[in-house]
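Examining the three-dimensional arrangement
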Amino acid sequence: MKKILSLLIVIVLIAGWAFSIGGFGAGGNVADRMHLGLDMIGGVSVVLEADTDATGGELKTLMEQVQSVMEKRVNEMGLSEPVITIENENRIRIELPGAQDAQEAIETIGKTAQLNFMTTDENVVITGENVKNAVAGAYKGNQANLMGTFAIQLEFDAAGADLFAEATRKIVNRQINCTMDGYSANQILILLDGDVISDPMVSTVINSTTCEITGRFTESEAANLAALIRGGSLPVTLNEVQTEIVGPTLGMDAAQKSVIAGAIGIGLILILMIAAYRIMGVAADISLLLYILLYLWVFIAFKAVLTLPGIAGFILSIGMAVDSNVIIFSRIREEMGLGKSARVAVQSGFKRALTTIIDSQLTTVIAAVILYTFGTGSVRGFAMTLLIGIVLSVFTAVVVSQLLLQFIAETPALCKKSMFGLKKEIKDTSAEDKNGYPFMSKRKMFYIASVVLLVIGLGIGVVRGFNMGIDFTGGTSLQLNLGQHVDEAELKKYLPDTDIRDNIQYAGENNEKVILKTTQVMDNEERQALCKELQTAFGKTDEFVESAGLIGPSVGSQLKSNALKAILIASVAMLAYIAFRFEWRFGIAAIVALLHDAAMLFAFYGLFHFQMNRPFIAGLLIVIGYSINDTIVIFDRIREGMRQSKRKQEFVIDSSITACISRSIMTSVTTMLAILPLIILCGSQIRAFALPLIAGVLVGTYSSIGVASGVYFDLCRLTKKNKYKGA
């Protein structure tokens, strides 16, 4: 049965990849079926904040109405795969991948579209809620000045038709006293967002459910106005607080580089696993390839949107997926080192590794869930890809790898110790007799090293000032393709006299691209005016603007607040879980190491002056999750050693850490192999996610070995816990 199942796994793997690459059915291959985010195919994302004092249930109802209207409005625009979600109770996020004219999209979806029909005595007759439909078409009347223009045909509901008929009757009967300059008593004003868009004369009573708006509209103007009216009136005014525009060229270029970097990272991991673990590495590679295949199709099944940060999360999850196999393989080698046969070693190795895998992965799940809860936009996509990856990695490592290794262990030609990467002679590697490096006696050196690094990094960051990006401070950013290098002096001639002149960066192979940043929040009209002036000055086409972003001050403030909440909640949740699964001293030690790693990341950014933006928050929480993962593996070995050994606690901790070092190094190397190609090949957005992950891997590995275990040992001494187990 094991042979049949193992063969079936290989067949499914080969067939699955063949279908995924070659394609089948109407949907095509896996790439054709994937839902891509706007940062990969271009488009616009805008966050609008409701200007209201409503709270609680009233606010919830209000925002649900806004969401419904926005969905109708976006659907009328004919864009594919729009994403419209409510955030932070009073905000709504609209993502429009593939929007051809991002600026026009922002103007259209951002309008409050509060449509009113009003007499010139300033009394509202009907509102947009009374309009059932609006259709744009060529003007078919006989007014000479409107020939060749377009109009909008409106259809009222029954109540609206009655109210409109009554208003026109008053006008015809001269019962209206005009109070508005520039208009007469026999006009009806049609206002959109308070602006008069049409002011037709009324010469007869209009007793009908239909009406026509004229105003010398062009075809596109009439179509946009009709779409807004069909979308309905918003129940509240919305203010633009965050905007992201990505040009299609920039997005596709970043996507291609990310895929190439991911393929390189995966290839390096596959080679490393075989080199390090021989036949077990082959089993791990089969499991890993199956993991990637399942991951892609689960992502498609959930209709999840793949973003560039999501790719970073996917690559990271591959590196962490290998960790489960590394834990298992280390245990199997230890069992074989004790003289057990391959079959028995595989069974006992999996049994001993299972608890460690579950505990370490669950703590990472806690971090990812909290990241998803408090994150927004691309950060949520990052967390979602990581969560999917953790679940699938446990399945492929525990179920698939175990089945393959059991088949290998029962095959005479494959179960030799040399095939498992062991020498022929047997060495006893049990914690009872194996002397480890004296980590506990050297723990103060680790403490001093940490304090020195923190003081230097945080000190420089405080004195020089941390490089806070506009995600935290609020502001505007623009990336423009000038087609040639333009000196700062020349560029500044066309820039407003603000801090944008002091925040000019160059990008591209020949510095032909320029990135402009300012702490001022420039609305859509201001951004358009600046871009238009630069476009005219340098004779560029419509693809001149590659990306644009806006962050309101309230968004930056809330981002910092949510980050602090996420760290505190994650710490409490992890402390509770570790205290439940281990004991409270382990929990306290793990949280101290966690806070140490978070502070180290701040010190890293302070020392090298890297910019802190939304990716920093994602990186911070994932660093915490990764660090806890590594710490749990070592704590699990210490707990096991304390149960089995009667030696001194200091000896057990030293030997346990020594036994885990090879596993920690291998996991760190595989994770970095997955991330490094992203840093080398990809753009700034992916690097912003990848850099804190690299730093976190190194710091997390160091703190698990040098800080967490030492703190646990000191806590045991302070609470007078006897250093002999059971004595």
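Residues numbered from 1 in each chain as written. Predicted model: local features only at pLDDT ≥ 70, side-chain atom pairs only at ≥ 80, totals over all residues. Heavy atoms only, no water.

1. Description of the packing of helix 13 (residues 443-464) against helix 18 (residues 584-608)
Going by this rule: Axis definition: a line fit to C-alpha positions, over the contact stretch in the case of helices; interaxial angles, taken between N-to-C directions, run 0 to 180 degrees. Strands here are runs of E lasting at least two residues and helices are runs of H or I lasting at least four, both read from the DSSP assignment and numbered beginning at the N terminus. Put simply, angles under 35 degrees are roughly parallel, angles over 145 are roughly antiparallel, angles from 65 to 115 are roughly perpendicular, and the rest are oblique. Take the far helix as the reference: if the near one is turned anticlockwise from it by less than a right angle, the crossing is left-handed, and if turned clockwise, right-handed. Here, two residues are considered to be in contact whenever any of their heavy atoms come within 4.5 Å of each other. Side-chain classes follow a simple rule in which Ala, Val, Leu, Ile, Met, Phe, Trp, Tyr, Cys and Pro form the nonpolar group, Asp, Glu, Lys and Arg form the charged group, and the remainder, Gly included, forms the polar group.
Contact geometry of helix 13 with helix 18 gives a least axis separation of 7 Å together with a crossing angle of 50 degrees. Viewed along their axes, helix 13 and helix 18 adopt a mutual orientation that is oblique. Of the two possible hands of crossing, helix 13 and helix 18 adopt the one that is left-handed. For the pair helix 13 and helix 18, contact is made by Ser 450, Leu 453, Leu 454, Ile 456, Gly 457, Leu 458, Ile 460, Gly 461 and Arg 464 and by His 596, Ala 599, Met 600, Phe 602, Ala 603, Gly 606, Leu 607 and Phe 608, respectively. For the contact of helix 13 with helix 18, a count of residues per class yields 11 nonpolar, five polar and one charged.

2. Quick notes on the sheet that holds strand 9 (residues 188-192)
The line we're drawing: Between any two strands, pairing holds if DSSP finds at least two bridges.
Pairing within the open sheet is antiparallel, and its four strands lie in the order 6-5-9-10. The two strands at the open ends of the sheet, each matched to only one other strand, are strand 6 (124-127) and strand 10 (195-198). Here the average twist between neighbouring strands, direction ignored, is 35 degrees. Note that strand 5 (residues 115-119) and strand 6 share three bridges and pair antiparallel. The residue bridging Asn 116 from the neighbouring strand is Thr 127, located in strand 6.

3. Structural notes on a nonpolar patch on the surface
The following threshold applies: Within the patch definition used here, like charges are joined within 9 Å and nonpolar side chains (Val, Leu, Ile, Met, Phe, Trp, Tyr) within 5 Å, considering only residues with over 30% relative accessible area and no salt bridge. Method for areas: the Shrake-Rupley scheme with a 1.4 Å probe, in which residue coverage is limited to the protein chains shown. By definition, a salt bridge exists where a carboxyl oxygen of Asp or Glu is found within 4 Å of a side-chain nitrogen of Lys or Arg. Buried, partly exposed and exposed residues are distinguished by accessible area as a fraction of the type maximum, computed with a 1.4 Å probe on protein chains only: under 20%, between the cut-offs, and over 50%, respectively.
Taken together, the side chains of Ile 260, Ile 264, Leu 268, Leu 676, Ile 680 and Leu 681 define a hydrophobic patch exposed on the protein surface, amounting to about 510 Å² of accessible area. Those elements that provide at least two residues to the nonpolar patch are helix 8 (248-277) and helix 20 (649-681). In this fold, Leu 681 is placed in helix 20. Assessed through its relative accessible area of 33%, Leu 681 is described here as partly exposed.

4. Considering the environment of Phe 472
Structurally, Phe 472 can be placed in helix 14 (residues 470-473). In this structure the C-alpha to C-alpha distance between Phe 472 and Gly 552, which are 80 residues apart in sequence, comes to 9.2 Å.

5. Points about the confidence of the model for the chain
The test is simple: Looking at any residue, its pLDDT shows the predictor's confidence there, from 0 to 100.
Residue-level pLDDT values for the chain average 80, and 87% of them are 70 or greater. The secondary-structure element of the chain with the lowest mean pLDDT is helix 5 (residues 102-110), recorded at 63, while helix 13 shows the highest, at 93. Contacts for the low-pLDDT stretch residues 425-433, under 50 throughout, to residues beyond four places or in other chains number 22 contacts. Of the regions scoring below 50 in pLDDT, residues 722-727 engages in 10 contacts with residues more than four places distant in sequence or in other chains.

6. Focus on the packing of aromatic side chains
So the rule is basically this: Within 6.5 Å between ring centres, the rings of Phe, Tyr and Trp (the latter by its six-membered ring) count as paired, and their orientation is classed by plane angle as stacked under 30 degrees, edge-to-face over 60, tilted in between. We count a charge as sitting over a ring when the NZ of a lysine or the CZ of an arginine lies within 6 Å of the ring centre and within 35 degrees of the ring normal.
Evaluated as defined, the whole model comprises 20 aromatic pairs. When the ring of Phe 156 is compared with that of Phe 164, the centres are 5.1 Å apart and the planes differ by 40 degrees; the resulting orientation is tilted. Here Phe 156 matches Phe 164 in class, with each residue buried. Among the aromatic side chains, those forming a connected cluster through ring pairs are Tyr 437, Phe 439, Phe 446 and Tyr 702. The ring of Phe 582 carries the charged tip of Arg 639 above its face, separated from the ring centre by 4.0 Å.

7. Some details on the pattern of salt bridges
Evaluated as defined, the whole model comprises 19 salt bridges. Between Lys 132 and Glu 155 there is a salt bridge; the shortest N-O distance is 3.8 Å. Of this pair, Lys 132 sits in strand 7 (residues 131-138) while Glu 155 sits in strand 8 (residues 150-156); the two residues are 23 residues apart in sequence, bridging distant segments of the chain. In this structure Lys 132 comes out as exposed when scored by relative accessible area, which is 55%. In this structure, the salt-bridge partner of Lys 340 is Glu 335, at a minimum N-O distance of 2.4 Å. What emerges from the salt-bridge pattern is a single network uniting Arg 331, Glu 335, Lys 340, Arg 352, Asp 359, Arg 581, Asp 636, Arg 639 and Glu 640.

8. Here we look at helix 13
Selection criterion: A helix's residues, less one, multiplied by 1.5 Å, set its expected span. Starting at the helix axis, one direction is taken to each C-beta atom, and the arc is that of these directions.
Helix length check: helix 13, at 22 residues, gives a terminal C-alpha distance of 32 Å against a target of 32 Å (1.5 Å per residue), a fit within 8%. All of the buried residues in helix 13 are Arg 443, Ser 450, Leu 454, Gly 457 and Gly 461. On an axial view of helix 13, the arc spanned by its buried residues comes to 80 degrees, and they lie on one face. Away from its buried face, by an angle of more than 90 degrees, helix 13 presents the exposed residues Lys 444, Met 445, Ile 448, Val 455 and Val 463. After helix 13 finishes, the residue Gly 465 shows a positive phi value of roughly 95 degrees.

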